[in-house]
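Residue-level structure breakdown
So the chains spell out like this:
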Amino acid sequence: MDQSSVKIDPSWLTVLEDEFKKPYFASLKSFLEEERTKGRIFPPGNRIFAAFNYTPFDKVKAVIIGQDPYHGFGQANGLCFSVADGIRKPPSLVNIFKEIQDDLGIPVPESGNLEKWAEQGVLLLNATLTVREGAAGSHQGKGWEQFTDTVIKTVSDQKEGVVFLLWGNYAKAKEALIDGNKHTVLSAPHPSPLARGGFFGCKHFSRTNAILEKEGKKPINWSTV
């Protein structure tokens, strides 16, 4: 998975060029090749860098950080918390849509596909970009986190006025990579039902839009239809 084999938007290749040349990335490539001999990896190969292809670097206005792709067949589509059309919405995504409905009055959609958010400048970034089928967390600690931490720091260093939405302790730990003087960080409990509803009432979606509008940027349409 050297630079020439990574199917990623050219705007990201420009700012991340050095990462693809580092030893950890070669080790990650070898690990993934070995994993493919053992079974299925999600998301499919052409969707691993979907977050970057739907949201070019110059278009990033907000960042939502997830931890791991969904590990069930057909679920992961390369955007954190998102599933393809026709796939049942996982519990965390159900709660995200409930909060949007309460916050903005947008009805809960049938589809859990968040591509429309990504196309408007919301970088939907999982810290780990791949997973083995049926094995949550199976690709953690293999190099992806080093890559995605660099992504977060690069956005922080090279852009201005981005809104970072950090849900749950894992995402909140990434705040150390973000320059709070240049950007806004919104934190909340994870939308998972395991967080006992702590996510509800955060109003991150209306707050994000208010911040963007104050900076003269177009707000996000948080509907998926």
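It should be noted that the structure appears before, not after, this text.
Residues numbered from 1 in each chain as written. Predicted model: local features only at pLDDT ≥ 70, side-chain atom pairs only at ≥ 80, totals over all residues. Heavy atoms only, no water.

**Quick word on the side chain of serine 192**
Inspection of the secondary structure puts serine 192 in the loop between β6 (184-188) and α8 (204-214). We classify serine 192 as buried; its relative accessible area is 14%. Filtering out sequence-adjacent residues up to four positions away, serine 192 remains in contact with Ser92 and Asn95. (Helix = DSSP H or I, 4+ residues; strand = E, 2+ residues; numbered from the N terminus. Buried < 20%, exposed > 50% of the residue type's maximum accessible area, 1.4 Å probe, protein only. Contact = heavy atoms within 4.5 Å.)

**Considerations on α8**
Those residues of α8 not exposed but buried are His204, Phe205, Thr208, Asn209, Ile211 and Leu212. Projection of α8 onto a plane perpendicular to its axis shows the buried side chains occupying an angular sector of 160°, all on one side. Those residues of α8 that are buried lie in contact with β2 (62-66), α4 (91-104), α5 (115-119), β5 (163-167) and β6. The first or second residue beyond α8 is glycine 216, which carries a positive phi of 80°. (Arc of directions from axis to C-beta.)

**Remarks on the environment of asparagine 221**
Tracing the backbone through its elements, the reader meets asparagine 221 in the segment after α8. On the basis of relative accessible area, asparagine 221 is assigned to the partly exposed category, the value being 43%. In contact with asparagine 221, other than residues within four places in its own chain, are Trp117 and Gln120. Reaching out from asparagine 221, the side chain makes a polar contact with the backbone nitrogen of serine 223 at a distance of 3.1 Å. (Polar contact = N/O pair within 3.5 Å; in protein donor to acceptor, adjacent residues only side chain to side chain.)

**Things to note about the pattern of salt bridges**
Within this structure, the stated rule accounts for 10 salt bridges. For glutamate 19, the salt bridge identified is with lysine 22, shortest N-O distance 2.7 Å. The exposure class assigned to lysine 22 is partly exposed, which follows from its relative accessible area of 33%. One salt bridge connects arginine 40 with glutamate 133, and the closest N-O pair in it is separated by 2.9 Å. Here the residue arginine 40 occupies a position in the loop between α2 (23-36) and β1 (41-42), and glutamate 133 occupies one in the loop between β4 (131-132) and α6 (144-158), the gap between them amounting to 93 residues. In this structure glutamate 133 comes out as partly exposed when scored by relative accessible area, which is 30%. (Salt bridge = Lys/Arg side-chain N within 4 Å of Asp/Glu carboxyl O.)

Any functional reading would require information beyond the geometric quantities listed.
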